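# Structural characterization, general
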Amino acid sequence: MSDIPDRLPTACPSCSPELETVHEVLSPGGGSITVRCGECGHVHKIQPEPEREVTLDVVVSQDGESFTANVTTPEDETIETGDEFILETDEVLSTVRVTSIELPEQRRREAADAKDVETVWTREVDNVSVDITVHPQDGSHDDSESITVHVPGDYEFEVGEVETFGDNEFEIDAFVVRSDASGYQRDRNELEGDMVLAKDAKRVYAYDETTTAWSAW
């Protein structure tokens, strides 16, 4: 049941069976709501109107692959780019983030009511792949190497910190955030102490810490 307000308009069988009066909500629950008429004080039960729902197509991107699922939600629920929700189907249980909202005729919106939405495009954020560009210690970018690490979505990368993944050890120099990420003041962050969650990182830049000679890669 959706949230019930403290007061609501409804007909009173004692004093106004044909007109709505303001009623105080005494106890929602058990499939009915106990209310007291504000005009005559009569206490009675009412049945809340069922919440109208819609079923949406949800496309989930996961490590370069995608699949489609269906979710049911209240028709007046607002869906926004950047929203995260738990997607549960017979095949998968994961947290996904909305990356795009498609309306009929392939129109795109940053936000829309569920009843107006045709397809919700998302990506999985429980576990993510992060692309990292690693520069040699001499500062040259000509021989930079790109690696991909697989980490939980809430893993933190911090500028100035040294990370080790397998045989790779590097110091974080900067990062660029994804367009659907929120809470960051800049797209590119390179100040010491700047931090990004793996699920928000579009790319991380770093300097090699494993060798003094880049030829050892």
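Residues numbered from 1 in each chain as written. Predicted model: local features only at pLDDT ≥ 70, side-chain atom pairs only at ≥ 80, totals over all residues. Heavy atoms only, no water.

## Observations concerning the overall build of the protein chain
Note the following rule: Put simply, DSSP marks the helices as runs of H or I at least four residues long and the strands as runs of E at least two long, and each gets a number from the N terminus on. Burial classes: relative accessible area under 20% of the type maximum marks a residue as buried, over 50% as exposed, and values in between as partly exposed (1.4 Å probe, protein chains only). We call two residues contacting when some pair of their heavy atoms lies within 4.5 Å. Using a 1.4 Å probe, the Shrake-Rupley method yields the accessible areas, and only the shown protein chains count as cover for residues. Under the counting rule used here, the positive set is Lys and Arg, the negative set is Asp and Glu, and His together with the chain ends is not counted. Just so you know, the charge point we use is NZ for Lys, CZ for Arg, CG for Asp and CD for Glu.
The helix and strand tally for the protein chain stands at 0 helices and 20 strands. Considered along the principal axes of its C-alpha atoms, the protein chain spans approximately 90 × 35 × 30 Å. Each of the 217 residues in the protein chain was classed as buried or not, and the buried ones make up 36%. Restricting the contact set of the protein chain to residue pairs at least 6 apart, pairs at least 24 apart contribute 46%. For the protein chain, the exposed area adds up to about 13100 Å²; of that, 41% sits on carbon and sulfur atoms. Positive and negative charge centroids in the protein chain, built from 16 and 51 side chains respectively, lie 8 Å apart.

## Section: the confidence of the model for the protein chain
To keep it simple, the criterion reads: Every residue carries a pLDDT, the predictor's confidence in it, which falls somewhere between 0 and 100.
Chain-level statistics for the protein chain give a pLDDT mean of 89 and a share of 93% at 70 or above. The low-confidence segment residues 213-217 (pLDDT under 50) makes 13 contacts with residues lying over four places distant or belonging to another chain.

## Focus: the pairing of strand E5 (residues 53-62)
Note on strand geometry: in a regular strand, side chains alternate between the two faces of the sheet. Put simply, the rule reads: Two strands make a pair as long as DSSP finds a minimum of two bridges between them.
In terms of strand pairing, E5 meets strand E6 (residues 65-74) through 10 bridges, oriented antiparallel. Paired with Val-60 across the two strands is Phe-67, which belongs to E6. With antiparallel pairing between neighbouring strands as the criterion, E5 and E6 make up a hairpin whose turn holds 2 residues, including Asp-63 at a positive phi of roughly 50°.

## Here we look at the pairing of strand E13 (residues 127-135)
As defined by bridge partners, E13 adjoins strand E14 (residues 145-152) across 8 bridges and the pair is classed as antiparallel. Within the sheet, the bridge partner assigned to Ser-129 lies in E14 and is His-150. Looking at chain direction, E13 and strand E20 (residues 201-208) are connected through 4 bridges and run parallel. Counterpart to Ile-132 in the pairing with E20 is Val-204.

## Digging into unusual backbone geometry
Positive phi, close to 65°, is recorded for Glu-105, a residue that is not glycine. By the secondary structure assignment, Glu-105 is in the loop between strand E9 (93-103) and strand E10 (107-109). In this structure, Gln-106 is a non-glycine residue whose phi angle is positive, near 60°. Mapped onto the secondary structure, Gln-106 falls in the loop between E9 and E10.

## A closer look at a negative patch on the surface
Where we set the bar: Here the term patch refers to residues with relative accessible area over 30% and no salt bridge, with like charges joined within 9 Å and nonpolar side chains (Val, Leu, Ile, Met, Phe, Trp, Tyr) within 5 Å. By convention in these notes, a salt bridge is any Lys or Arg side-chain nitrogen within 4 Å of a carboxyl oxygen on Asp or Glu.
A cluster of like negative charges, contributed by Glu-161, Glu-169, Glu-171, Glu-192 and Glu-209, occupies part of the molecular surface. With respect to the helices and strands, the residue Glu-169 is situated in strand E17 (residues 168-177). Using a relative accessible area of 31% as the deciding quantity, one classes Glu-169 as partly exposed.

## Some details on the packing of aromatic side chains
Which entries qualify depends on this criterion: Classification of ring pairs uses Phe, Tyr and Trp, with its six-membered ring standing for Trp, and accepts pairs whose centres are within 6.5 Å; under 30 degrees between planes counts as stacked, over 60 as edge-to-face, and the remaining range as tilted. Cation placement over rings: the criterion is NZ of Lys or CZ of Arg within 6 Å of the ring centroid and within 35° of the ring normal.
Applying the stated rule across the entire model yields 4 aromatic pairs. A centroid spacing of 6.4 Å and a plane angle of 40° characterise the contact between Phe-157 and Phe-165, whose relative ring orientation is tilted. For the ring pair Phe-165 and Phe-170, a centre distance of 6.1 Å and an interplane angle of 15° mean the geometry is stacked. The exposure classification of Phe-165 matches that of Phe-170, with both residues buried. Members of the aromatic cluster, joined through ring pairs, are Tyr-155, Phe-157, Phe-165 and Phe-170. In this structure, Arg-188 packs its charged tip against the face of Tyr-205, placed 5.0 Å from the ring centre.

## With respect to the nonpolar core
Here is a general trend for soluble globular proteins: nonpolar side chains tend to be buried in one another's company. Threshold: The definition of a nonpolar core used throughout is a set of buried Ala, Val, Leu, Ile, Met, Phe, Trp, Tyr and Cys residues joined through side-chain atoms within 4.5 Å.
Counting residues in hydrophobic clusters, the biggest one holds 20 residues, and the most contacted among them are Val-130, Ile-132, Val-149, Val-151, Phe-157, Phe-170 and Val-204. Only E13, E14, E17 and E20 provide two or more residues apiece to this core. Ignoring sequence-local partners within four residues, the contact set of Val-149 consists of Val-128, Ser-129, Val-130, Ile-132, Phe-157 and Phe-165. Val-54, Leu-56, Ala-69 and Val-120 belong to the second-largest nonpolar core, a separate cluster that totals 16 residues.

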